[in-house]
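Coordinate inspection notes
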Amino acid sequence: MGGESLIAGCLFRGEGVLSFLSQALIAPFSGGSMLGLRGPQLPPAGILLLLPFLLLLPPAAPAPHRASYKPVIVVHGLFDSSYSFRHLLEYINETHPGTVVTVLDLFDGRESLRPLWEQVQGFGEAVAPIMAQAPQGVHLICYSQGGLVCRALLSVMDEHNVDSFISLSSPQMGQYGDTDYLKWLFPTSMRSNLYRICYSPWGQGFSICNYWHDPHHDDLYLNASSFLALINGERDHPNATAWRKNFLRVGRLVLIGGPDDGVITPWQSSFFGFYDANETVLEMEEQLVYLRDSFGLKTLLARGAIVRCPMAGISHTAWHSNRTLYETCIEPWLS
């Protein structure tokens, strides 16, 4: 190949200067000399004339540096522990390598029955230093009961920097169902009469009673609930305005749940839907907490900051290990 055709070939293929020089200067000296077929050949004169100009070209620009992913904080649910999230941790490491993921190991097992305000304080103390070291923001993935803990954290933390709050099958509007957890905890009570326990000072000492929401005894719920009625802004309290302002600092609220959950009752509670007095499910936009914008839901939706991701075929204990669910509903929001 002559000098002119070699130059044209390099430019046509988009090869860099180093590749061009390699072909022009090195290849002629290696043409079969080791086999003794012919001696080394000098580069064509055209190449030698162009060499000073090629050496003056600026170096290739370095590959762009991808910004690091925001840290992810995971909060477990009732009777759970950090071990339950090993699959989720694996998925994040595979799809977003280098992400700092912290699965908080607090209030495990039976300790998850502790009153939710006590848990909010404990998880808040663990979350604060992580946020302080991440000026670009963090993501929260909060499962089941942990979703309520996280929503309370967003309300009471004045300077939180949560980008995405991912609520994973969490009873955000409360729970009203006979689950195995309830039968184990209160074996002699059914959902129809559990209000007698949960809406007592003694009952409010159990986390599950903090979000027990009996649609047939709404007055008792509003007066006795020491947790859910407060973070929902359903009962007046001196911190309501500040909590609403804090909650609205969140960048995005991602709601995940589905009809085959089997625990969250009604399952639409994961999307801020709930029963009326006739046990007909009213969707989020029909709830008073939305219509009154009591803690910011309506404002979030208006600014396009609420993502709803329903998915059928997933039972309650499989949400954090289902790969399809992760890729569809979680991974897109872990910036």
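- Taking an unreviewed UniProt entry as the reference, the chain is identified by name as Lysosomal thioesterase PPT2 belonging to Equus caballus.
- Listed under Catalytic activity (unreviewed entry) in UniProt, the entry text for the chain is "S-hexadecanoyl-N-acetylcysteamine + H2O = N-acetylcysteamine + hexadecanoate + H(+)".
- As its UniProt record puts it under Sequence similarities (unreviewed entry), the chain is described as follows: "Belongs to the palmitoyl-protein thioesterase family."

Comments concerning the pairing of strand β5 (residues 252-257)
- With five of six residues buried, β5 lies mostly within the body of the structure.
- Where strand β4 (residues 162-168) and β5 come together, five bridges link them in parallel fashion. Its bridge partner lying in β5, Ser167 is registered against Leu255.
- Of the strand pairs in this sheet, β5 and strand β8 (residues 306-310) are connected by five bridges, and their pairing is parallel.

Details of helix α4 (residues 86-95)
- Of all the residues in α4, the buried ones are Leu88, Tyr91 and Ile92. The buried residues of α4 occupy an angular sector of 95° when projected down its axis, which confines them to one face.
- Buried positions along α4 lie against β1 (72-75), β2 (101-103), β3 (138-143) and α15 (323-330).

Observations regarding the state of the cysteines
- Following the criterion strictly, the structure yields three disulfides and no others.
- The partner cysteine of Cys142 in its disulfide is Cys150, sulfur to sulfur 2.0 Å. Looking down the S-S bond of the Cys142 and Cys150 bridge, the torsion is -85°, so its handedness is left-handed. Across the pair, exposure class does not vary: Cys142 and Cys150 are buried alike.
- Here Cys309 pairs with Cys329 through a disulfide, and the sulfurs are 1.8 Å apart. Because the torsion about its S-S bond is -55°, the bridge between Cys309 and Cys329 counts as left-handed. In this pair, Cys309 is assigned in strand β8 and Cys329 in helix α15, connecting sequence segments 20 residues apart. The same class applies to Cys309 as to Cys329, namely buried.
- Sequential numbering of the bridged cysteines in the chain gives the disulfide pattern 1-2, 3-4, 5-6.

Focus on the packing of helix α5 (residues 116-132) against helix α6 (residues 145-156)
- Where α5 contacts α6, the two axes come as close as 9 Å, and the packing angle between them is 70°. Judged on the interaxial angle alone, α6 and α5 are roughly perpendicular. Where α5 crosses over α6, the handedness of that crossing is right-handed. Residues Leu116, Trp117, Gln119, Val120, Phe123, Gly124 and Val127 of α5 lie in contact with α6, whose contacting residues are Gln145, Val149, Ala152, Leu153 and Val156.

Re the packing of aromatic side chains
- With the rule as written, the count across this model stands at 13 aromatic pairs.
- On the numbers, 5.4 Å between centres and 65° between planes, the contact of Phe247 with Phe295 is edge-to-face. Separated by 48 residues along the polypeptide, Phe247 in helix α12 (residues 240-247) and Phe295 in the loop between α13 (288-291) and α14 (297-302) bring together distant segments of the chain. The pair Phe247 / Phe295 is uniform in exposure class, with both members buried.
- Judged by centre distance (5.8 Å) and plane angle (45°), the ring pair of Phe272 and Phe295 falls under tilted. You can see Phe272 sitting in the loop between β5 and β6 (274-275) and its partner Phe295 sitting in the loop between α13 and α14, a full 23 residues away along the chain. Phe295 shares its class with Phe272; the two are buried.
- The rings of Tyr176, Trp212, Phe274 and Tyr275 are connected pair by pair, giving a single aromatic cluster.
- One Lys or Arg, Arg151, reaches over the ring of Phe295 and ends 4.6 Å from the middle of that ring.

About the thresholds
- Residues numbered from 1 in each chain as written.
- Predicted model: local features only at pLDDT ≥ 70, side-chain atom pairs only at ≥ 80, totals over all residues.
- Heavy atoms only, no water.
- UniProt positions renumbered as here; feature names shortened; annotations may be inferred.
- Buried < 20%, exposed > 50% of the residue type's maximum accessible area, 1.4 Å probe, protein only.
- Helix = DSSP H or I, 4+ residues; strand = E, 2+ residues; numbered from the N terminus.
- Pairing = 2+ DSSP bridges.
- Arc of directions from axis to C-beta.
- Contact = heavy atoms within 4.5 Å.
- Disulfide = S-S within 2.5 Å.
- Axes fitted to C-alpha atoms, helices over the stretch in contact; angles between N-to-C directions.
- Parallel < 35°, antiparallel > 145°, perpendicular 65-115°, else oblique.
- Left-handed = near helix turned anticlockwise from the far one by under 90°.
- Phe/Tyr/Trp six-rings, centres within 6.5 Å; stacked < 30°, edge-to-face > 60°.
- Lys NZ or Arg CZ within 6 Å of the ring centre and 35° of its normal.

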